[in-house]
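Structural characterization, general
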Amino acid sequence: MNFLLNVNIAVALLKSRKKQTIIAAVGVMFSITMFITLLGFMNGLNAMLDSLILNRTPHIRLYNELKPAGKQPIEISLNSNHTMHVIQSVKPSSKSLNIRNYQSVLSSVLADERVLGTSPKLSVQVIYNVGPTDMAGVVNGVDLQKEMDLFFFKDYVPEGNPIWAEQIPNSIILGKVAAEKMMAKVGDMITVSGPTGEQLSMKVVGFFQSGIQDFDKVQSYTSLETAQKLMGKNSQYITDLQIKLKDLQAAPQMAKEYAMKYDVDAIDLQTANSQFETGTKIRSIISYAVGITLLIVAGFGIYNILNMMIYEKMDTIAILKATGFSGPDVRMIFLFIAMFIGLSGALLGLVFGFALSSLVDLVPFNVPALPTVTSLPVDYNPKFYIIGAIFGTITSYFAGYFPSRKASQIDPVQIIRGK
Amino acid sequence: MSIVLETRNIDKSFYQPEKTKILKGVNMQIDKGSFVSVVGKSGCGKSTLLYILSTMDTDYEGGLYLENDLLTGKTGIELAAVRNEKIGFVFQFHYLLNEFSALKNVMLPALKQGKLSHKEVEQKAYEVLKSLDMGDFAMQNAAKLSGGQKQRVAIARALINDPLIIMGDEPTGNLDKKNSQMVFEIFKDLAQVKKQTILVVTHDPEFAQASDRIIEMADGQIVI
């Protein structure tokens, strides 16, 4: 009853100042609109730039690296504080680069609940024989179906179908730049030499385009079997196991765990691309800072109109108090006014923010590296709308808090006697 | 006769611009059903006393009793409730809320009290307005009424909660002769017919003469 009555009075006061009320609400609306659009666009952009790296990079990669032994034999035999040794010119020992015991490692990794999926890879150093000249390159033998499922491989094959490489024996998906140099078209045959000297005639079934020139000049893809054939190895020979996780953040920890467990080298995405998170974070911080500044400015708008209203309505406040409305009642009335302005502005801001985001989303935008992107990226994450609404509410609460406290402290005697 | 309002040794000083003692040990009792006028020269402290009696000014020394209930020292919220239920005010200026109709202005204190339903409050407010010949103007916006009409609405607002006492601070001070006369008649009628306790601060000797009792003040003390 009391609450409704206070709301009733607040609404009457709002109506008597329609123009200012609307202007203050539009201020809030504008700031929330910009907040939503800015964050949606920035995060869309972040997601797009991240996907440049994330789409094609495994969260964890298991592999073997050529490197010197961690402990030289002499260290083990002379394990005493009173001796020292000097070994000069340590060299890496020769070892096979494949993952030993691949099948059991694979089934063990797949049994891990945190893992979304795995895709094996075999990288082969090759030479493309183009007429009288040779070009160095790398042919990656992959399970093309898994590569498409986990690493969006199809998006990077603008011509041809990746699955043909699986179906047609001795076929290759050639790097776009390399293909241009060889003047090869889909359906052409090219000759490739493996590291053991084995020469293979391969049919071009598609082009691979990552958008990064140096990459597209060197990298090509084929099926695992064909790569093993080029390498002259059996079907157990795999050099990399690419792992995609359910939660990317767990990668650094799990990489260490796997390295210990399977006695291989393991690198996580964060370590491999340490700059990757920095840019994302800074863009996020900037957009939040701008958005929140806009909100605070809108908050001052509410603060101003409320202060003005309180000066104008001194008489009303005085008589309300004289007839039995308490300080808290008066405060509730003015706080309600602030919240009404803030919340109606925020609500409109959410709607207009969505509308403006949709407009931004329509602007054409083409990136060679991301063939699936055709317009400016916008993230419609409900999180931004919730944050916008919460911040709008908090700002209007604080913008209303101080003026309404002042109103509640007005001494009716001073107003009434002043007349 | 029972005592409605009583003060015991009320002192009050102003500190701006320098310390001046404005009330010096005021003792008074207002009987139930009496019509009391407080008169005195400007600056004698009569308005100051009224605002202390009204509970709006709490910065004083001494004791204030309403129906033997000590009001001195109560919290702002408690005093607001006391004003709402037991004290009606009529000021020199009408202080109506321009955003509302005359009827709604009268209803506000009763709605705040919350004892009656909205419908009952509306009914009662209309009755009170009708008794002051303002029935026809009930739905008019307060801003559109004339000065005399506004003051009648303000009196209706003071009456709506059946207060123990009505206090007036120069209720005719802002009105022309004709309207002063009318307000004066209303107060007289309330006192004589309805036995309403009334305490009015006034400059108007005619007004004072009509009351049951005149309290004259000088230099912060009650003379008579």
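Keep in mind that what you see is a predicted model, and the values were worked out from it rather than measured. (Residues numbered from 1 in each chain as written. Chains lettered and ligands numbered in written order. Predicted model: local features only at pLDDT ≥ 70, side-chain atom pairs only at ≥ 80, totals over all residues. Heavy atoms only, no water.)

A look at the nonpolar core
Within the largest apolar cluster, 113 residues are counted, with the highest numbers of intra-cluster contacts made by Ile337(A), Leu5(B), Phe187(B) and Leu199(B). Of the residues forming this core, the biggest block, eight residues, is contributed by helix H14 (residues 327-362) of chain A. When sequence neighbours within four positions are dropped, the list of residues in contact with Phe187(B) reads Phe35(B), Val90(B), Ile155(B), Ile166(B), Pro171(B), Ile198(B), Val200(B) and Phe207(B). One finds Ile172(A), Ile190(A), Leu224(A) and Leu245(A) within the second-largest nonpolar core, a separate group that totals 41 residues. (Core = buried A, V, L, I, M, F, W, Y, C linked by side-chain atoms within 4.5 Å. Buried < 20%, exposed > 50% of the residue type's maximum accessible area, 1.4 Å probe, protein only. Helix = DSSP H or I, 4+ residues; strand = E, 2+ residues; numbered from the N terminus. Contact = heavy atoms within 4.5 Å.)

Notes on the pattern of salt bridges
Side-chain pairing between opposite charges can occur once the charged atoms of the two side chains come close. Residues and elements named next belong to chain A. Scanning all chains against the criterion turns up 14 salt bridges over all chains. Note that Arg17 is salt-bridged to Glu312, the shortest N-O span being 2.5 Å. With a gap of 295 residues between them, Arg17 in the loop between helix H1 (2-15) and helix H2 (18-54) and Glu312 in helix H12 (residues 275-312) connect regions that are remote in the sequence. Here Glu312 falls in the partly exposed class, since its relative accessible area comes to 40%. In this structure, the salt-bridge partner of Asp240 is Arg61, at a minimum N-O distance of 2.3 Å. Highlighted residues: Asp240 in strand E9 (residues 240-245) and Arg61 in strand E1 (residues 60-63), separated in sequence by 179 residues. The class of Arg61 is partly exposed, set by a relative accessible area of 27%. Via salt bridges that share partners, Asp112, Arg114 and Glu257 belong to a single interconnected network. (Salt bridge = Lys/Arg side-chain N within 4 Å of Asp/Glu carboxyl O.)

So, the pairing of strand E1 (residues 3-14) of chain B
The side chains of a regular strand alternate, residue by residue, between the two faces of the sheet. Residues and elements named next belong to chain B. Relative to strand E2 (residues 20-31), E1 runs antiparallel, the two being bridged by eight bridges. Residue Glu6 lies in a different strand from E2, and its bridge partner there is Gln29. What sits between the antiparallel neighbours E1 and E2 is a turn of five residues. Relative to strand E4 (residues 61-66), E1 is paired through five bridges, and the arrangement is antiparallel. By the bridge assignment for E4, Arg8 is matched with Gly63. (Pairing = 2+ DSSP bridges.)

Considering the packing of aromatic side chains
One pass over the structure, following the stated rule, counts 17 aromatic pairs over all chains. Put simply, the rings of Tyr397(A), Phe398(A), Tyr401(A) and Phe402(A) touch in pairs and so form one group of aromatic residues. Over the aromatic face of Tyr63(A) sits the side chain of Arg61(A), whose NZ or CZ is 4.3 Å from the ring centroid. It is Arg8(B) that lies over the ring of Tyr65(B); its NZ or CZ is 4.1 Å from the centre. (Phe/Tyr/Trp six-rings, centres within 6.5 Å; stacked < 30°, edge-to-face > 60°. Lys NZ or Arg CZ within 6 Å of the ring centre and 35° of its normal.)

Notes on the environment of Ser31(A)
Residue and element names in this part refer to chain A. As for its position among the elements, Ser31 is in helix H2. We classify Ser31 as buried; its relative accessible area is 1%. Sequence separation of Ser31 and Gly388 is 357 residues, and the distance between their C-alpha atoms is 9.2 Å. If we ignore the near neighbours within four places in the chain, the residues touching Ser31 are Leu294, Leu295 and Ala298.

So, the sheet that holds strand E5 (residues 69-70) of chain B
Residue and element names in this part refer to chain B. Spatial strand order, E2-E1-E4-E5: four strands in an open sheet with antiparallel pairing. Edge positions in the sheet fall to E2 and E5, since each has one partner strand and no second. Across the face of the sheet, helix H1 (residues 46-53) comes into contact with E1, E2 and E4 while running at roughly 60 degrees to E2. (Axes fitted to C-alpha atoms, helices over the stretch in contact; angles between N-to-C directions.)

Topic: the interface of chain B and chain A
Contact residues are listed per partner, giving 23 residues for chain B and 28 residues for chain A. A buried area of about 2,300 Å², summed over both sides, lies between chain B and chain A, and 69% of it is on carbon and sulfur atoms. Looking only at chain B, the three residues that lose the most surface to chain A are Tyr95(B), Glu99(B) and Lys112(B), adding up to 31% of its buried area. Between the two partners, chain B and chain A, sit two salt bridges. For Lys112(B), the salt bridge identified is with Asp329(A), shortest N-O distance 2.4 Å. Element by element, the count of residues in the side of chain B that touches chain A is highest for helix H3 (residues 102-113) of chain B, at five residues. For the side of chain B that touches chain A, the class distribution of residues is 14 nonpolar, three polar and six charged. (Buried area = accessible area lost by both parts, 1.4 Å probe. Nonpolar A, V, L, I, M, F, W, Y, C, P; charged D, E, K, R; others polar.)

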